[in-house]
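Chain and residue survey
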Amino acid sequence: MIIKRNGRSTEHRSRHVDVLVIGAGISGIGIAHHLKCERPGTSFAILEAREEIGGTWSLFRYPGIRSDSDMPTFGYSFKPWTSPLSIAEGPYILEYLRKTAEECGIRERIRFGHKVVAADFDTGSGLWTVTVHRTGSRRPATFTSRFLFLSTGYYDYESAFVPDFEGIGEFKGRVVHPQFWPDDLVYADKRVVVIGSGATAVTLIPSMTPLAKHVTMLQRSPSYVLSAPGVDVTTHLLNKVVGPERAHRISRHKNIALGRGLFRASKLAPGLMRKLLIAQVRAQLPEHFDVDTHFTPRYNPWEQRLCMVPNGDLFKAIYSGKASVVTDHIDRFTENGIRLRSGQELVADVVVTATGLNMLPFGSITLSVDGQQAHLPDLVAFKAMMLSGIPNLAYAVGYSNLSWTLKVELVAEHFCRLLDHMKAFGYDTVVPVLDNPGMERFPILDLQAGYVNRGIGAFPRAGDEGPWTLEHVYEKDVERLRRGPVDDPALHFTTVRKPASARAGSR
């Protein structure tokens, strides 16, 4: 509502809602859609720290940024991905998210420039009180809600991982990190070295070679790189024959089956899959290229996420001679580039440190119950969407071995069913209670990637039994979250006898 006071327009919106969603990225928009469509009587708002939607897709602006999953499964089930592109670049994904938010009436529920710093649940009133720092204001604001939904992902948007390279201050060229890509960077006719071998590095190299003089991928050790079709011909034809909605459903089922089949094969027959993955790389590179050194990882497939390259663009860049790969360790930076342990010096005008991201649990929000701060590593994930001992809270973390959004939508469906269940029985609060505190615990991500190893210790854990397990297996989550019952012996439901009225406005 817009109210005019003294000739000026001021925005007045309630600061109490049923559900407060934190984050307006792909997860937050998906959760909001399900709330709006499946529970039209539920009030909700989205708090977004930045000034635009999209999360990763509006923050990261490096050349060629793209999905590392196919778009029919990375997109929403309710919003068909109609482009023939199977692997899409960031601007296309961002436009898709913007259209979704506009068409579903979600954008008007977003409060931009609202960074959540703390949230405390009061068991007496059954309400969350959320403390927010607002852009342009020195005074914090508070919001209250019955439920808190964290759709913050697990990356730190404000800092990136860069190793402490010796001599980096002596380098006369420019050093940039992909997470903070500068608008004024000019690399045309420049010699570029990209440090890294993960998804970001294999994206940057073919994207920069058309303008750069030469691009070198400098890696300590190789990753598995899988060439995938950039255009899904089957989906493109189905769009014309059966229409976008049916084509989208068919393509999602097809691609889920393919993705799960690839993952299962990698776990059941790692030796065979290793040979097949390396063979498809060898077939796309010059005959005498040293595939054993540069594209043969030391680990088994899917111990780290596979790097997808549409239409083999990385291999085409190498084949053309505009890009090359060096596998070695960095000794130090020099004035003109990077000296390696082998003694070789890579001359560079620009160095891109695609050395990884930092993990951050729940956007660094301090969670507490009745003023007692929760220590996240002591908590255990319930059905991979709630936390032991924390009432009226849910979160979304996507799959490590399949499209992120598939898991988010299953969680959103189950969350709406949970709200339905509580309304039907008159419950105000729900909290998962760990019935076996001595159970064995495991990390919530099953990858051996560097960024996971560095940061996973700060996150809640998973258990080894019942609803406390977390397997990143889509078909099991379908049974548990979509088809399985909401009620569970580990869930404790209560009714607040004398609900306190929610107080709107700043405190």
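For the structure itself, look to the data block above.
Think of each chain on its own: its residues are numbered from 1, step by step along the sequence as written. The predicted origin of the model limits local features to residues at a pLDDT of at least 70 and limits the giving and counting of side-chain atom pairs to 80 or more, whereas totals for whole chains, interfaces and linings rest on all residues. For the side-chain quantities, the full set of heavy atoms in the structure was used; hydrogens and water were omitted.

Looking at the environment of Gln284
- Each helix is a run of H or I in the DSSP string that is no shorter than four residues. Each strand is a run of E no shorter than two, and both are numbered from the N terminus. Mapping Gln284 onto the fold places it in the loop between helix H8 (270-282) and helix H9 (291-294).
- Any pair of residues with heavy atoms lying within 4.5 Å of one another is described as a contacting pair. Leave out the neighbours within four places in its chain, and Gln284 touches Ser227, Gly312, Phe315 and Tyr319.
- Two N or O atoms form a polar contact when they lie within 3.5 Å of each other; inside protein one atom must be a possible hydrogen donor and the other a possible acceptor, and for residues adjacent in sequence the pair counts only when both atoms belong to side chains. Of note is the side chain of Gln284, whose polar atom sits 2.8 Å from the backbone oxygen of Gln280.

A short note on helix H6 (residues 233-242)
- Residue burial is assigned from relative accessible area. The probe radius is 1.4 Å, only protein chains are included, and a residue is buried under 20% of its type maximum, exposed over 50%, and partly exposed in between. For H6, the complete set of buried residues consists of Thr235, Leu238 and Asn239. Angularly, the buried residues of H6 cover 110 degrees about the axis, an arc narrow enough to put them on a single face. Along H6, exposed side chains directed more than 90 degrees from the buried face belong to Val233, Lys240 and Val241.
- Taking the backbone nitrogen of Thr234 as reference, a side-chain oxygen 3.2 Å away marks Asp232 as the first, capping residue of H6.
- Taken from the residues just after H6, Gly243 is the one with a positive phi, measuring 95 degrees. The arc refers to the directions leading from the helix axis to the C-beta atoms.

Observations concerning empty space enclosed by the protein
- We place a 1 Å grid over just the protein atoms. Points where a 1.4 Å probe fits but has no way out form a cavity, open points with protein on both sides within 12 Å along at least 5 of 7 lines form a pocket, and any residue with an atom within 4 Å of a point lines it. Grid points are joined across faces, edges and corners, and a volume is the space filled by probe spheres set on the points. Here the structure, examined in full by the defined rule, presents 1 cavity of 30 Å³ or more.
- By volume, the largest cavity amounts to about 50 Å³.
- In terms of lining residues, the largest cavity is bounded by Ala384, Tyr395, Val397, Gly398, Lys407, Ile444, Leu470 and His472.
- When residue character is reported, Ala, Val, Leu, Ile, Met, Phe, Trp, Tyr, Cys and Pro are called nonpolar, Asp, Glu, Lys and Arg charged, and the others, Gly included, polar. Across the lining of the largest cavity, the residue classes break down as 5 nonpolar, 2 polar and 1 charged.

Overview of the pairing of strand S11 (residues 191-195)
- Burial within S11 is extensive, with 4 of its 5 residues counted as buried.
- The sheet contact formed by S11 and strand S12 (residues 214-219) spans 5 bridges and is parallel. Within S12, the position partnered with Val194 by the bridge is Met217.
- At least two bridges found by DSSP between two strands are what make those strands a pair. In this sheet, strand S19 (residues 350-353) lies alongside S11 in parallel orientation, the contact comprising 4 bridges. Directly across from Val193, in S19, lies its bridge partner Val351.

Some points on the pairing of S12
- Where burial is concerned, most of S12 is hidden: 5 out of the 6 residues are buried.
- With the strands aimed away from the viewer, a crossover counts as right-handed if its path from the first strand over the helix to the second runs clockwise. Handedness of the β-α-β unit built from S11, helix H5 (residues 199-208) and S12 comes out right-handed.
- Inspection of the sheet shows S12 paired to strand S15 (residues 323-327) by 5 bridges, in the parallel sense. Residue pairing for S15: Leu218 is matched across the bridge by Val326.

Some words on the pattern of salt bridges
- Put simply, a salt bridge is a Lys or Arg side-chain nitrogen that is within 4 Å of an Asp or Glu carboxyl oxygen. Inspection of every chain in the model, using the stated rule, returns 25 salt bridges.
- The salt bridge involving Arg332 is made with Glu170; its shortest N-O contact spans 2.7 Å. A residue pair is termed long-range when its members are at least 10 positions apart, and Arg332 in strand S16 (residues 330-333) and Glu170 in the loop between strand S9 (155-160) and strand S10 (174-176) qualify at 162 residues.
- A residue is classified by how much of its surface remains accessible, and Glu170, at 43% relative accessible area, is partly exposed.
- The residue Asp331 makes a salt bridge to Arg339 at a minimum N-O spacing of 3.1 Å.
- What makes Asp331 partly exposed here is its relative accessible area of 34%.
- Within the structure, one salt-bridge network assembled from shared partners comprises Arg50, Glu52, Arg61 and Arg98.

Some remarks on the layout of surface pockets
- For the second largest pocket, the calculated volume is near 510 Å³.
- Lining the second largest pocket we find 24 residues, and of these Asp70, Asn255, Leu258, Gly259 and Met308 sit closest to its centre.
- Secondary-structure elements contributing two or more residues to the lining of the second largest pocket are strand S13 (225-228) and helix H7 (244-268).
- Examining the composition of the lining of the second largest pocket, we find that 5 residues originate from one element, H7, more than from any other.
- Taken together, the residues that form the lining of the second largest pocket break down as 12 nonpolar, 7 polar and 5 charged.

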